[in-house]
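Inside the fold
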Number of protein chains: 2
Amino acid sequence: MSSFMRKEYDSIEPYTPGEQLNDKKYIKLNTNESPFPASPKVLEALNTNLISSLRLYSDPKLKKIKEAIADFYDVTPEQIFVGNGSDDVIAFAFMAFGGLGGEFCCPDITYSFYPVFADLFKVNLEQIPLKDDFSIDVNDYIGKNKNIIIANPNAPTGLALTHEEIELIVKTNPHNVVIIDEAYVDFAENTSVVDLVNQYENLMVTQTFSKSRSLAGLRVGFSVSSKALTDDLEKLKYSFNPYNVNTLSIEAATAAISDRKYYEKTIAETVKIREFTKEELIKRGFTVTDSKTNFVFAKTDKIPSSELYEELRNRGILIRYFNAPRISEYFRMSMGTTEQMKKVIEVIDEIIKERE
Amino acid sequence: MSSFMRKEYDSIEPYTPGEQLNDKKYIKLNTNESPFPASPKVLEALNTNLISSLRLYSDPKLKKIKEAIADFYDVTPEQIFVGNGSDDVIAFAFMAFGGLGGEFCCPDITYSFYPVFADLFKVNLEQIPLKDDFSIDVNDYIGKNKNIIIANPNAPTGLALTHEEIELIVKTNPHNVVIIDEAYVDFAENTSVVDLVNQYENLMVTQTFSKSRSLAGLRVGFSVSSKALTDDLEKLKYSFNPYNVNTLSIEAATAAISDRKYYEKTIAETVKIREFTKEELIKRGFTVTDSKTNFVFAKTDKIPSSELYEELRNRGILIRYFNAPRISEYFRMSMGTTEQMKKVIEVIDEIIKERE
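Residues numbered from 1 in each chain as written. Chains lettered and ligands numbered in written order. Predicted model: local features only at pLDDT ≥ 70, side-chain atom pairs only at ≥ 80, totals over all residues. Heavy atoms only, no water.

1. Notes on helix α3 (residues 63-73) of chain A
Which entries qualify depends on this criterion: Three labels apply to residues, based on accessible area from a 1.4 Å probe with only protein chains included: buried if under 20% of the type maximum, exposed if over 50%, partly exposed otherwise in between. Numbered from the N terminus, helices here are DSSP runs of H or I no shorter than four residues, and strands are runs of E no shorter than two.
Regarding α3 of chain A, the residues found buried are Ile65, Lys66, Ala68, Ile69, Ala70, Phe72 and Tyr73 of chain A. Directly after α3 of chain A, the chain includes Asp74 of chain A, whose backbone phi takes a positive value near 60°.

Written out as structure tokens, the structure reads:
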């Protein structure tokens, strides 16, 4: 930090994004991107006419994309906040509801960005231990009397609370905001609580175009909530960066969310690949969580995950390994195509065989 | 605000973007966009291959665009911070150097977003009155002992301090950051102080692709400074939104800044149109500031600017009028094409004639 930087930022440990290696061509299974390209409608949307219009500012009200999202989830556009990625949305939420001394809580093992947001905006964050099997104990969150953020399904564990369990948490914390980060929910049938936003004013659901919509490079995320909570985020956005989503992102994301058929097809395919991969790993004696996401979370006693990570990387396959308490025995592997996953299983067999 | 929002935001007045009216086809001269499309190289860059790669995350390090900007300004990539528009960059700068009780100062008449940033991040902002002729009194900023932000050229006045005057301010405030917001500097020959960033560790220059690069809808802005100041902003970015610039913006902006010839041509054309417009207004007895930007700032005693704004709007021409102390007699008009500006002058003549 320079001598000019405010001292209050001394203690912040910034978030570390997953590796983006370019030294050779990898099977890239380390940052939970989709193996499928975005809907063909995205390509149609990003046409010459649109590009010629870039001399003009984007619409700060984000009318078109809000209408498309609202239509998909059967809510009103006033209940939608759109950000430059869902990190942007969650950052504004921490700032709005927890800034300068407010209280939030979340599981101790979850998306590692939450504690960073808390540090940045001076939020008191309680990190509540998961159970030994990595599941969330719902009782820890009932009548908690703090704002709550839960990734559901959770990362990197892949485990999901049920719709009923989430509703219980929301219902018993009426005076606090409950944020459900549903980045991976499209891969977990019957889990999303978007349908509850009209019933509970304190519920905010966040989602992203980065996973199930195959648009990680486009940076679009959003929340669905009561109009009151949306208005709070809008106030901060108009005080920070009113044009936070650009013209190309607006049009591409609108095209993507309007193509429901392609979305359903790629999700079904991803879930099939995930179940196949889980089975293959279980056959080989791996411990595998019941992931409801587009990745698996697993370990084996045949090779430490840190070494498996290295060995796979040497063979052109990137997975993620977390050198962190309680989860350092595990690895996280995003789902590629069926062909890629068959190849990965083969390579894992080779690596383990070499050690026998 | 909802009952969940932190009370500290009660008093914030969010920024109001310029009107984006769509009820009919306007000659749009109200938000300082370029009348020219972006470089043809932008269209080439946004090709099918690139769009197919959107399933992958964008590069959080922004290597490619940083290298292109560094190359243009003859500095190193480590001296470049890139944001989602220059509002994003300036927001991070207010947060980094002024957050929670730090001190900034700026002119009282300037980009109206600065006081909003100050409110949001709890920065004490001193607003120093411009002189009666709307110029900045350099003496007000010498050895000020506070962080300083100055738009140069200033908006909406269009007036610029000289390179020497800015250097004097930077040099006499070595213990504070001096931010020069050069959004319009490409239209003001010999005014930019980018060449001083290696000499003064406390100098940060911000620029944007929204004006001279014809890419307002793309949301890309950047700063050039010492590596130390860049690192400070990077720390905040990695604690807020690491993937703040998307893949399409990276590629399009890189293409735009690499096309120096097109950039020089469109700037020369804009300056020609500005000088033509100023002369035409002066011929008609208007008071016109010596704008060094892509807009003119003017008034006439033949019709109040608020009414001129209304009359032009009724005739399909949008300009900007500020209902604010000291400048409410003036209007601000962005430069369109030569044809558009000839038409606008004609219409102004008609409006004034009708009143005689």
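There's more to say after this.
2. Examining the relation of the copies chain B and chain A
Where we set the bar: For this overlay, a least-squares fit was computed on C-alpha atoms, restricted to residues scoring pLDDT of at least 70 in both copies. Contact definition: two residues touch when any of their heavy atoms are within 4.5 Å.
For the pair chain B and chain A, the best superposition has an RMSD of 0.0 Å and corresponds to a rotation of 180° with a translation of 0.0 Å parallel to the axis. Expressed as an axis order, the relation between the two copies is that of a two-fold axis. When each C-alpha of chain B is compared by its distance to the rotation axis, Leu248 of chain B comes out closest, at 3.8 Å. Both copies share a contact surface, since 100% of the interface residues of chain B are interface residues in chain A too.

3. Notes on the pairing of strand β5 (residues 147-151) of chain B
Residue and element names in this part refer to chain B. Counted only if it meets this: Any two strands with at least two DSSP bridges between them are considered paired. When the strands point away from the viewer, a crossover counts as right-handed if the route from the first strand across the helix to the second turns clockwise.
In terms of burial, β5 is a largely internal element, 5 of the 5 residues being buried. Strand direction decides the pairing type here: strand β3 (residues 103-107) and β5, joined by 2 bridges, are parallel. Bridge pairing in β5 links Phe104 to Asn147. Sheet analysis places β5 next to strand β6 (residues 178-181), joined by 4 bridges and oriented parallel. Directly across from Ile150, in β6, lies its bridge partner Ile180. Crossover connection from β5 via helix α6 (residues 163-171) to parallel β6: handedness right-handed.

4. Re helix α11 (residues 338-355) of chain A
The line we're drawing: Here a helix's expected span is defined as the number of its residues, less one, multiplied by 1.5 Å.
Compared with the 26 Å implied by 1.5 Å per residue over 18 residues, the 26 Å span of α11 of chain A between its first and last C-alpha is a close match. Every buried residue of α11 of chain A is accounted for by Thr338, Met341, Val344, Ile345, Val347, Ile348, Ile351 and Ile352 of chain A.

5. Description of the pattern of salt bridges
Using the following cut-off: By convention in these notes, a salt bridge is any Lys or Arg side-chain nitrogen within 4 Å of a carboxyl oxygen on Asp or Glu.
If you walk through the whole model with that rule in mind, you get 46 salt bridges over all chains. A salt bridge links Glu8 of chain A to Arg6 of chain A; its shortest N-O distance comes to 3.6 Å. Since its relative accessible area comes to 18%, Glu8 of chain A is described here as buried. Between Asp349 of chain B and Arg284 of chain B there is a salt bridge; the shortest N-O distance is 2.6 Å. Linking Asp349 of chain B in helix α11 (residues 338-355) with Arg284 of chain B in the loop between α9 (260-283) and β9 (287-288), this pair joins segments that are 65 residues apart in sequence. What makes Asp349 of chain B partly exposed here is its relative accessible area of 31%. The class of Arg284 of chain B is partly exposed, set by a relative accessible area of 22%.

6. Some remarks on the packing of aromatic side chains
Describing an aromatic ring pair means giving the distance of the ring centres and the angle of the ring planes. Selection rule: Paired rings are identified among Phe, Tyr and Trp, the last through its six-membered ring, by centres lying within 6.5 Å, and are further divided according to the angle between planes into stacked (under 30 degrees), edge-to-face (over 60) and tilted (the rest). Placement of a charge over a ring requires the Lys NZ or Arg CZ to be within 6 Å of the ring centre, with the centre-to-atom vector within 35 degrees of the ring normal.
In this structure the tally under the stated criterion is 47 aromatic pairs over all chains. Between Phe240 of chain A and Phe240 of chain B the ring centres are 5.2 Å apart and the planes differ by 35°, which places this aromatic pair in the tilted class. Separated into two different chains, Phe240 of chain A in the loop between α7 (227-237) and α8 (247-258) and Phe240 of chain B in the loop between α7 (227-237) and α8 (247-258) make up a pair that spans both. Given the relative accessible area of 2%, Phe240 of chain A is considered buried. Here the guanidinium or amino end of Lys237 of chain A rests over the ring plane of Tyr238 of chain A, the centre of that ring lying 5.4 Å away. One Lys or Arg, Arg332 of chain A, reaches over the ring of Phe295 of chain A and ends 5.6 Å from the middle of that ring.

7. Some thoughts on the sheet that holds β3 of chain B
Residue and element names in this part refer to chain B. The condition is simple: Under this scheme, a helix contributes an axis fitted over its contacting stretch, all axes are lines through C-alpha atoms, and angles between N-to-C directions fall in the 0 to 180 degree range.
The mixed open sheet is built from 7 strands, whose spatial order is β2-β8-β7-β6-β5-β3-β4. Across the chains shown, the open sheet's two edge strands, defined by having one partner strand only, are β2 (80-83) and β4 (124-128). For this sheet the average axis-to-axis angle between neighbouring strands, irrespective of direction, equals 20°. Packed on one face of the sheet, helix α3 (residues 63-73) meets β2, β7 (203-208) and β8 (221-225) and runs near 125° to β2.

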